[in-house]
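# Observations on the model geometry
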Amino acid sequence: MAELIPIGTILGVLSHQIIKISQAAKDIVFEKESFRVLVEHLLDIEPVLRELQSQQLNDSPAARQALESLETNVKQAHTLVDKYKGRARFYLLVKCRHIVKEIQDVTREIGDSLAALSLANLEVLSGISDQVHKLQHEMQRAQFEASHARLLIVDKLNQGISDQAFDKEFANDMLKEIARAVGVPVEPSEITKELASFKREKEEAENRKERAEVFFLEQVIELLSRADAARDFEEVSNQYMQRVKVIQRYDPRKEYIEPFKAFHCCITGGVMTDPVSLCTGTACERSALEAWFQQGNKADPETGELLEDFSRRPNIQLRQSIQEWKELNHCLKIRSCKARLRSGEEECVMEALDRMKELIAENSINKDWISIGGLTDATIALLQSRTTEAVMKKVLVTLKDIVDGHARNKAIFVENGGIEKIVPCLGLDPSISEAAVRLLYEVLLDRSSWNASCCKRLSQKCDAIVPLLVSLVKNASKIAEEILLKLCEEDDNIIKAARVNWFRPLIDKVVRGSVSERISMVKQLVSLEVDDEKMKLLGEEGLIPPLLEMAASGSIESKEVSLHALMKLSTFRANKHLIGSGGGVCLVVKLLSSPHVLPVVTARCAEILANFSANGDGTTFLVDEDGGQLELEALTANLLAFQQNLNSLDVIRRPALRALVGICQSEAGLVKSAVLSCSGISVVLALLDDSNQEIRELAINLVFLFSQHEPEGVVEYLLKPRRLEALVGFLENSEKGDVQMAAAGLLANLPKSETSLTEKLIKLGGLEAIIQIIRLGTGEAKENALSALFRFTDPTNLKSQRVVVELGAFPLLTGLLRASSVTASARAAALLGDLSMRSPELSQVHWKKHGCFWSCFHRPRGAVCPVHGGSCSVSTTFCLLEGNALPDLVRLVQDKVHATAYEAIQTLSTLVHEDSPQRGAAALHEYGAIGPTIEVLRWGSESLKAEALILLEKVFVSMEMVDLYGATARAPLGQLASHNLCDERHLQRKAVKVLLLIERYSRSSTSLVAAITD
């Protein structure tokens, strides 16, 4: 007795069979939907089998019998899938009804076996009983049908074979419908392949001794072989030439042959396409005659004779005659089109193109005949002619119809330089470019794949075509995108696309390519000239994450090239955020501090940090992937360490120093930390002696920042031999605004008590350089230079003040009172105030020197100064009146900007002296300064009000000024005097003091002070 196979083994085999069937069914190219449903049912059975295995199914006779039945049915399904896998598509179509019936039968049989299996295992399958019952029910009642359209084709084919309608017109129609239904172009080379496969099906049926099948397939092959598309080119060409010989007998102007009367259907009146004859010999269109009888007519439609025999037979001879007549007219049309194209007239050319389109629609053989007749060549030539947009668009559309699914016409197009001629069209009007790209796409396709030789030829024009295709892609052309992606299978074309800002294939290669491909692609990217637009797109389209991955886990070469790319991308601000949020900053900092990486990697990391902190961004983007601020003190110390390390290369030191400058410029706390905890000032001062100019220039920026915290060390350094000369050199470097700004700022930060430093700077031309910066420097450099100038305008140092004025600073400062920068205007006002403090003294000295003892307020030029009482000028006494500074100083007070108003009032105060306050007050009155100063008491800050009160206290010792402004000043002064806030007690006291002056010198006064103090 044979040994029984264990139940568990059978279940395992069945599961394996189901998986194999599901895989094999993917290769079936026809009736996919029916096979898909079968496979889905089988896959639903597989969990049931697994459940049976897990529950240890009882080996009962009923269970074994049901399982063996299921196994047999599954094998039948497998056989069915194998039977139709890889079969000819024409064969699958003509057998579709039979195939669907087979699928339905096997599905129902599997359902029956499943039902028997579930009955034998009720307890085991209790947990999934509903699922099993539903599945078996669906499979037992499964209904499969081929599509209605396919069944109509099969029925029409069977009817034609039954009627022996083997004429060419019917064959053409049948072949076209079958080819379209199965997705095969009606093109001779493709049809030849399909018919060859179909013939092999017949040979295999012969081997299986299936006579009925062989007979049916022979009939189908005989019919389809009569179609034009099934004939070889030589036969088609000979047929065309025969028809051309016939039309040569006609007048060259003749464009149409009228049909014979016999060609017309006596029912419809139109030329017949499928003529059938009655027993009386009357010929009619098949569909019209069928409708005639369905309407109840029983007579011959032509003679009216009552019919006893209603049968009809195909009139093949008449059909062939009609076909020959049509072909002759096709040849006449081709001849007339050729003449019209040669004329060059727009109307004629358009008409010819329309007729060519009609020819193609009427019969597929006309695609060959159009080319044999020379129309394809003539139409291609129009691509280079000077025509209107309408003509060009129609030329492109017509050529697309000519080459559509036709390998021979595509070859003609390519041989005539069509690809090269079409390229310029891609850059024309949108409607033309879209038609051009559709034509190009059709030429490049070979059925469902790409034509390698055409693609190669197109690649030779990539320098011109890639930018044009990219432009079309940006205008949402999917076809252009497909062509581009095909071209970008070559790395060179990926880079060409990247040059015109299309990065999809490049990024795809970096994301999905092999290690070597990724490195190669990033190297080429790095070599590109990348502008802001490119960097923006690269960041937005997702290049940064794969670059970070390469930098984190790749080889040394991978790290270096990816970091190089990140270095370039990090110059664009939006990319800094993307790199930071991707953990890029943490990675860079980690690599920077690692002792085991190569110098080139360290250099790239330093460059990235320098970019991150550049352009005023400072520490904004120095964050981890969650957006948290990095530990900056450790980073600053690390960057400083590169400057201390004698073995550090300049390629590392320079970017590390740039990063340090950027970070310290934004974080004052880090500057202090670097100065105190890392001995930063000593490290950076030493860099001022470095042989590398860029390092020296960066160092001066850091020294400027550090000097705010340790100025003494800087002074000590500068007083050493030749160090001050270097600083003056920085001040004179007009090509580097940031260097000038830092050098001037450094001087501004140093103690002004160091007079020796001031004197040396004057001797070495430092003062002259500072004034030149004020004259021509950038905004920040100019502001720092103004701050540095305070060292030289110190009222206690008349000698340096004279040098300042001699070098032309006074008119510069007066001009800066009108500057758009509040800081510059305020500092200019303060500097003029420093100079003006010495004016009274200098005026008297100059007066006595020249022996002038007369005065007059309105005097001729060169007479006594109405303010200082002596002989004044800008060069000798630094007089604000002579320098015409008062109008702009007054305007600064009127503008109500606290910073400038504060300095302007202080400077105006220098004009009112204790020994002769009336003269200064009179000048302020003349220039309209007193009224705006009183207004300051209403809107100014506390410190600004204090300065205004100081000036008013000087002014109101003049009875004349009290008469003029006392009444105006009383209200704001009274308001200040009445304040009892602790913070404003000093203003209250000053306001009361000014009010007392007004009361004392007022000609008619009521005591406001008494009311306030009560």
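The coordinates are above.
Presented here is a report on the structure given in the accompanying data block. (Residues numbered from 1 in each chain as written. Predicted model: local features only at pLDDT ≥ 70, side-chain atom pairs only at ≥ 80, totals over all residues. Heavy atoms only, no water.)

## Topic: the overall build of the protein chain
Operational definition: Every helix listed is a DSSP run of H or I at least four residues long, and every strand listed is a run of E at least two residues long, numbered separately from the N terminus. When accessible area is computed with a 1.4 Å probe and restricted to protein chains, residues below 20% of their type maximum are described as buried, those above 50% as exposed, and intermediate ones as partly exposed. Contacts are assigned to residue pairs that have any heavy atoms within 4.5 Å of one another. Surface exposure here means Shrake-Rupley accessible area, sampled with a 1.4 Å probe, where a residue is shielded only by the protein chains that are shown.
Secondary structure summary: the protein chain contains 56 helices and five strands in total. Here the protein chain, with 1014 residues, has 53% of them falling under the buried criterion. For the protein chain, contacts bridging at least 24 residues in sequence account for 70% of all contacts bridging at least 6. Working note: accessible area of the protein chain is about 46,500 Å², and carbon and sulfur atoms make up 50% of it.

## Looking at the state of the cysteines
What counts, and what does not: Here, two cysteine sulfur atoms that lie within 2.5 Å of each other are counted as a disulfide.
In the structure shown here, the tally under the stated rule is zero disulfides. We note that C266 lacks a disulfide partner, and the nearest cysteine sulfur, in C284, lies 3.4 Å from it. Its relative accessible area of 31% is what places C266 among the partly exposed residues.

## Considerations on the packing of aromatic side chains
Rule in force here: Only centres within 6.5 Å qualify two rings of Phe, Tyr or Trp (six-membered ring in Trp) as a pair; their planes then separate them into stacked at under 30 degrees, edge-to-face at over 60, and tilted for everything else.
Counted under the stated rule, the structure contains six aromatic pairs. Relative to W369, the ring of Y240 has its centre 5.4 Å away and its plane inclined at 55 degrees; by these criteria the two rings are tilted. Here the residue Y240 occupies a position in helix α11 (residues 233-247), and W369 occupies one in helix α15 (residues 365-372), the gap between them amounting to 129 residues. When sorted by exposure, Y240 lands in the same class as W369, which is buried. Where F293 meets F310, the ring centres are 5.3 Å apart and the plane angle is 85 degrees; that geometry is what we call edge-to-face. Here F293, found in helix α12 (residues 286-294), pairs with F310, found in the loop between α12 and β3 (313-314); they are 17 residues apart in sequence, far enough to count as distant.

## What to know about the environment of R438
Within the fold, R438 resides in helix α20 (residues 430-444). Look past the residues within four positions of R438 in its chain and what remains in contact with it is K400 and I479.

## Brief notes about the environment of P505
As for its position among the elements, P505 is in helix α25 (residues 504-512). Those residues in contact with P505, other than ones at most four positions away along the chain, are C488 and I494.

## Notes on the pattern of salt bridges
This is how it is decided: One side-chain nitrogen of Lys or Arg within 4 Å of one carboxyl oxygen of Asp or Glu is enough to make a salt bridge.
What the rule picks out here adds up to 43 salt bridges. Across the salt bridge formed by R340 and E255, the nearest N and O atoms sit 2.7 Å from each other. Taken together, the residues span a long stretch of sequence, with R340 in helix α13 (residues 316-343) and E255 in the loop between α11 and β1 (275-277) at a distance of 85 residues. We classify R340 as buried; its relative accessible area is 15%. In this structure E255 comes out as partly exposed when scored by relative accessible area, which is 28%. The residue E557 makes a salt bridge to K523 at a minimum N-O spacing of 2.6 Å. In this pair, E557 sits in helix α29 (residues 556-569) while K523 sits in helix α26 (residues 515-527), placing the two residues 34 residues apart along the sequence. In this structure E557 comes out as partly exposed when scored by relative accessible area, which is 39%. Note on K523: relative accessible area 41%, which makes it partly exposed. Three or more residues are tied together by salt bridges with common partners; here these are E255, R340, E351 and R355.

## Some details on a nonpolar patch on the surface
The condition that has to hold: Patches were defined on residues exceeding 30% relative accessible area and lacking a salt bridge, with like-charge contacts within 9 Å and nonpolar side-chain contacts (Val, Leu, Ile, Met, Phe, Trp, Tyr) within 5 Å.
Taken together, the side chains of I556, L598 and V600 present a nonpolar region at the surface, about 220 Å² in accessible area. Tracing the chain through its elements places V600 in helix α32 (residues 599-613). For V600, a relative accessible area of 36% puts it in the partly exposed group.

## Remarks on the environment of Y91
Within the secondary structure layout, Y91 lies in helix α4 (residues 89-94). Overall, the relative accessible area of 3% leaves Y91 in the buried class. On a C-alpha basis, the gap between Y91 and S197 in space is 8.4 Å, while along the polypeptide they are 106 residues apart. Setting aside chain neighbours within four positions, we find Y91 in contact with Y84, F198, E201, E213 and L217.

## Notes on helix α30 (residues 573-581)
Heads up, the condition is: By definition, the arc is the one covered by directions from the helix axis to the C-beta atoms.
Taken as a whole, α30 has its buried residues at N575, K576, I579 and G580. One side of α30 holds all its buried residues, which, seen down the axis, span an arc of 140 degrees. On the buried face of α30, the contacting elements are α27 (532-540), α28 (544-553), α29, α31 (584-593) and α32. Phi turns positive one or two residues past the end of α30, at G583, with a value near 80 degrees.

## Describing unusual backbone geometry
With a phi close to 70 degrees, N501 is a non-glycine residue in the positive phi region. Turning to its location among the elements, N501 is positioned in the loop between α24 (491-499) and α25. With relative accessibility at 13%, the residue N501 sits in the buried group. Although it is not a glycine, N615 sits at a positive phi angle of roughly 55 degrees. Mapped onto the fold, N615 is located in the loop between α32 and α33 (632-644). N615 gets classed as exposed once you look at its relative accessible area, which sits at 72%.

## A short note on the packing of α13 against helix α14 (residues 346-362)
To keep things clear, this is the line we draw: Lines fitted to C-alpha atoms define the axes here, with helix axes fitted over just the stretch in contact, and angles between the N-to-C directions of these axes take values from 0 to 180 degrees. Note on angle classes: values under 35 degrees are labelled roughly parallel, values over 145 roughly antiparallel, values of 65 to 115 roughly perpendicular, and the remainder oblique. It is the rotation of the near helix from the far one that decides the hand of a crossing: anticlockwise by less than a right angle makes it left-handed, clockwise makes it right-handed.
At a minimum axis separation of 8 Å, α13 and α14 run at an interaxial angle of 155 degrees. Accordingly, the angle class assigned to the pair α13 and α14 is roughly antiparallel. Where α13 crosses over α14, the two elements pack in a sense that is left-handed. In contact with H330, K333, I334, S336, C337, R340, L341 and S343 of α13, α14 contributes C348, V349, E351, A352, L353, R355, M356, E358, L359 and E362.

## Quick word on the sheet that holds strand β2 (residues 283-285)
This is how it is decided: Only when DSSP finds a minimum of two bridges between them are two strands counted as paired.
Strand order in the open sheet formed by three strands is β2-β1-β3, and the pairing between neighbours is antiparallel. At either margin of the open sheet sits one strand with a lone partner, and together these are β2 and β3. Two elements, β1 and β3, share two bridges in a ladder whose sense is antiparallel. Looking at β3, one finds that V276 is bridged to P314.

## Digging into the packing of α28 against α31
Applied cut-off: Ten residues, namely Ala, Val, Leu, Ile, Met, Phe, Trp, Tyr, Cys and Pro, are considered nonpolar, four, namely Asp, Glu, Lys and Arg, are considered charged, and the remaining ones, Gly among them, are considered polar.
In the contact formed by α28 and α31, the axes pass within 11 Å of each other and the chain directions differ by 25 degrees. One element, α28, and the other, α31, form an angle in the roughly parallel class. When you trace α28 past α31, the crossing you get is left-handed. Residues L548, A551 and A552 of α28 touch α31, and the partners they reach there are G584, L587 and L591. In the contact of α28 with α31, the residues fall into five nonpolar, one polar and no charged.

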